[in-house]
Amino acid sequence: MLQLWWRPFDEESELPKTQQPLPLDQRLKCWMQHRERHSKESLDGIKMAAPPTSNGSARRRRVIVDVDVGTDDAWALLLLLKCERKYNFSVEAITCTHGNTDVHNATRNVDLYIMGGNRNGVGNVTKSAEFNFWADPEAAHVVLNTVQCPITVLPWETCITQHQSLPMSWRMDVVGNSKNRAVQMLNQVETKCYSHWDKWMPCDAFLAAVFICPEIIQHSEVFHVDIELTGRLTRGQMVLDHLKKAKDTTRIVDRIDCEKFKLLMLYSADHDVEAKL
């Protein structure tokens, strides 16, 4: 599961100038203080591109990445770190925990991107639930019903659709044909773990691509989203309010541009494709 938390910042950051990186809780506190001083610059709905500065240039986005250390998380991190300068954002922190502040504080001033859940009830761990939300549906319920920031979810069904265009042979023979040491390590890991797969399934990298390059989204819809907590057969399933009885809060990404995604993955692996991006 991958989560990305971000907010835009001017180049003239108000973070205290120090030679040592600040702890995550202090960074979040600075960001919240900045937001309070600049309340007129509130985020507009579920908008992913950073708003312009006074001189018309785009603000650099600062992002915290929360991972569960799978190989798809590794690809997402590789993609994010490679694309920082080109796509005008900065990876401020990488966590493998729930973070160093509570949900209320962490989500007052950021956008939240989540890979997890399912749009149409297609399960991968039970008949009706996707693994990440099934593993802790109460936590998913709290996040989706409590945070006051725009939420973008890339669900399991989107991963199923996208990976049909990613042969494992392309992953190993094309993307994997790189001198990048991280890619070479991942070649060994994924050869051992996924040699029986016909298609490549880098779920978290799909989400990272959506954050990096919002125009990669070809179709999405906005719904109020909740999680089934008590169903004998449906616990952990993501439920969308198609009747529109509650306020829309979550953008569901249904389809991305696969050719653009392939170029981003090649770029992350140090292939010479930057001119095509």
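Structure: see above.
Because the structure is a prediction, the values reported are computed rather than measured.

Rules used throughout
Residues numbered from 1 in each chain as written. Predicted model: local features only at pLDDT ≥ 70, side-chain atom pairs only at ≥ 80, totals over all residues. Heavy atoms only, no water. Phe/Tyr/Trp six-rings, centres within 6.5 Å; stacked < 30°, edge-to-face > 60°. Helix = DSSP H or I, 4+ residues; strand = E, 2+ residues; numbered from the N terminus. Buried < 20%, exposed > 50% of the residue type's maximum accessible area, 1.4 Å probe, protein only. Lys NZ or Arg CZ within 6 Å of the ring centre and 35° of its normal. Polar contact = N/O pair within 3.5 Å; in protein donor to acceptor, adjacent residues only side chain to side chain. Contact = heavy atoms within 4.5 Å. Patch = residues over 30% accessible without salt bridge, like charges linked within 9 Å, V, L, I, M, F, W, Y side chains within 5 Å. Areas by Shrake-Rupley, 256 points an atom, 1.4 Å probe, with all protein chains shown as cover. Salt bridge = Lys/Arg side-chain N within 4 Å of Asp/Glu carboxyl O. Core = buried A, V, L, I, M, F, W, Y, C linked by side-chain atoms within 4.5 Å. Domains from an automatic or database assignment.

A. Inspection of the packing of aromatic side chains at higher detail. What the rule picks out here adds up to seven aromatic pairs. Judged by centre distance (6.1 Å) and plane angle (40°), the rings of F131 and W134 are tilted. Taken together, the positions of F131 and W134, both in helix α4 (residues 131–135) and three residues apart, correspond to about one turn of that helix. When the centroid spacing of 4.7 Å and the interplanar angle of 50° are considered together, the rings of F206 and F261 count as tilted. With a gap of 55 residues between them, F206 in helix α9 (residues 203–212) and F261 in helix α10 (residues 258–268) connect regions that are remote in the sequence. Like F206, the residue F261 is buried in the burial classification. Linked through ring pairs, W75, W170 and W200 together constitute an aromatic cluster. Stacked on the ring of W200, the Lys or Arg R171 has its end atom at 5.6 Å from the ring centre.

B. Local environment of α9. Buried residues dominate α9, accounting for 10 of its 10 residues. For α9, the set of buried residues is C203, D204, A205, F206, L207, A208, A209, V210, F211 and I212.

C. Region of the structure containing the side chain of N118. Relative to the helices and strands, N118 is located in the loop between β4 (111–115) and α4. Only 3.0 Å separates the side chain of N118 from the backbone nitrogen of M238, close enough to count as a polar contact. Setting aside its immediate chain neighbours within four residues, N118 contacts G123, S128, A129, E130, P155, W156, E157, Q237 and M238.

D. Geometry of the side chain of R119. Relative to the helices and strands, R119 is located in the loop between β4 and α4. A polar atom in the side chain of R119 sits 2.4 Å from the side chain of E221. Leave out the neighbours within four places in its chain, and R119 touches P155, E157, E221, F223, M238, L240, H242, I252 and D254.

E. Structural view of a nonpolar patch on the surface. A cluster of nonpolar side chains, V125, F131 and W134, forms an exposed patch at the surface whose accessible area comes to about 260 Å². By secondary structure assignment, the location of V125 is in the loop between β4 and α4.

F. Summary view of the pattern of salt bridges. Counted by the stated rule, this structure contains nine salt bridges. Across the salt bridge formed by D254 and R119, the nearest N and O atoms sit 2.6 Å from each other. Here D254 is found in strand β9 (residues 250–256), whereas its partner R119 is found in the loop between β4 and α4, with 135 residues between them in sequence. Both residues of the pair, D254 and R119, count as buried. Here the salt bridges share partners, and the residues they tie into one network are R119, E221 and D254.

G. The nonpolar core, seen in detail. Counting 52 residues, the largest nonpolar core has V65, W75, L80, F89, F211, I212 and F261 as its most contacted members. Top contributing element to this core by residue count: α9, with nine residues. Mapping this core onto the domain boundaries places at least three of its residues in each of domain 1 (61–110) and domain 2 (111–166 + 201–276). Here F89 is in contact with R60, R61, V63, L80, C83, E84, F211 and I212, once residues within four sequence places are set aside. Of all hydrophobic cores here, the second largest spans 17 residues; its members include V143, V147, V153 and I227.

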